[in-house]
Amino acid sequence: ALCSSPSRAAPKRAAGHVAVKASTEMSGYTDTDAVNVLSPTVAASLADDLAGWTIGGRYLVDAVTAASVDIVSSASHRWLENRHVGSALADLKTDSLGVALSGGVSREPDYLSIGGGGTVSMELLEKNLTPFLGVSYGHDDVGRTGQYRELWRHFYKIGLQTGATFVVDRSTIASVAVDAIFERGYLAKPYRYIPLFAPGVGERLGPGASVNLVNQTRLDQRSADALPDSRDRWALSGRIAHRLDGATVRVDERLYRDNWGLLASTTDMRLTVDLGTRLQVWPHGRIHAQGGVSFWQRTYEAVATPDKGLAIPHYRTGDRELGPLQTLTVGGGSRFRLSADKSAPWTLGLEVDGIFTRYTDALYLTSRRAVFGALILEAEFN
């Protein structure tokens, strides 16, 4: 409501009047690490506001092509893969109590993820305070293309969320939430192999060392990605949105930590401006900064054993997203009603973001630049 232009109250509909919403979206991503993603999406929902129910579903396909430095460093070729994702939701509200259920499935040639969850909320203090409690469960099967399914690895995750949304004043709303996610099982990447170095050799390689330099100095042995089989994640997030005269400002903050030793902060800012009754535009900015996990090393060195052999570190990863990094996102978007008639169903949206990531302690890359864009066509029939 804070993002909407002031207008006359919509006419009340009798119970049993169902509103239909539908949308289609084409989004894309490309970066300087030779990763490209194209994602068409369709979605639809049915809702009866007075009866207090909503049902909906969404389907998308991620078409990914990649020839990143990680693929090159393992002597692999560019690959193309499709991911299919389907999800559904159902909301029911009776008086001051709300219940929301959701579920989804994601399928790739070497990955299967199934999950679902629910949230209960209650409006208190004349709808000025809405506490909520949610729980979710997910089960993932992880394998390699062409591998027998009985050899796939598994992990599961349980998520808990609690918090509240509250009205500060007539122009301001805010929310706070605490999330906890508990993951157990195989959490590594089956295709990722880590270069190993003789004692005292790896430390000579600085951040961004090239594939050729790494291959010239590493040991012949390659070791598979190996991560702990449990991870507990916690996050504290807050949001405040304030309605100005013809604009809405929104600020989000998220603080994160886990038992792997990773600490992170994410700040997101958006200013939505009404340009007449048909057009909204918004600049968008996001800053993310994190440290590395406790077992992160730019290079992993084998350790000499008493029998003159070499032992490898128990935990090891080449996933630079688990190392120290900073990401800056700058962009914006727009939403345009295709007709001056407010009852007309069609709107067109466009979003574009530029993303710059700096890796301060990783091999191969010290930075990555990316562009994300989405074109959305929506319709609502009352």
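For the structure, check the block above.
Residues numbered from 1 in each chain as written. Predicted model: local features only at pLDDT ≥ 70, side-chain atom pairs only at ≥ 80, totals over all residues. Heavy atoms only, no water.

Novice: I would appreciate a short explanation of the packing of aromatic side chains in the present structure.
Specialist: Any two aromatic rings considered together are summarised by their centre-to-centre distance and by the angle between their planes. All chains considered together, the criterion is met by 4 aromatic pairs. Centroid distance Tyr-137 to Tyr-156: 6.3 Å. Interplanar angle 25 degrees. Geometry classified as stacked. Here Tyr-156 lies in strand 8 (residues 153–169) and Tyr-137 lies in strand 7 (residues 129–142), a separation of 19 residues in the sequence. You can call Tyr-156 partly exposed: its relative accessible area is 36%. On the basis of an interplanar angle of 65 degrees and a centroid distance of 5.6 Å, the ring pair of Trp-260 and Phe-295 is categorised as edge-to-face. Of this pair, Trp-260 sits in the loop between strand 13 (247–258) and strand 14 (263–275) while Phe-295 sits in the loop between strand 15 (279–290) and strand 16 (300–301), placing them 35 residues apart in sequence. An aromatic cluster of three or more residues is present, and its members are Trp-260, Phe-295 and Tyr-315. When the ring centre of Trp-152 is taken as reference, the NZ or CZ atom of Arg-149 above it lies at 4.3 Å. Lying over the aromatic face of Tyr-359, Arg-320 brings its terminal NZ or CZ to 5.7 Å of the ring centre. (Phe/Tyr/Trp six-rings, centres within 6.5 Å; stacked < 30°, edge-to-face > 60°. Helix = DSSP H or I, 4+ residues; strand = E, 2+ residues; numbered from the N terminus. Buried < 20%, exposed > 50% of the residue type's maximum accessible area, 1.4 Å probe, protein only. Lys NZ or Arg CZ within 6 Å of the ring centre and 35° of its normal.)

Novice: I tried to follow the sheet that holds strand 11 (residues 222–224) on my own but got confused; where do I start?
Specialist: Strand pairing in a sheet relies on backbone hydrogen bonds, with the paired strands running either antiparallel or parallel. Here 3 strands make up an open sheet; going across it, the order is 11-10-16 and the pairing mixed. Two strands in the sheet have a free side with no partner beyond their single neighbour: strand 11 and strand 16. Pairing analysis gives 2 bridges linking strand 10 (residues 193–197) to strand 16, with the strands arranged parallel. Bridging across to strand 16, Phe-197 finds its partner in Glu-301. (Pairing = 2+ DSSP bridges.)

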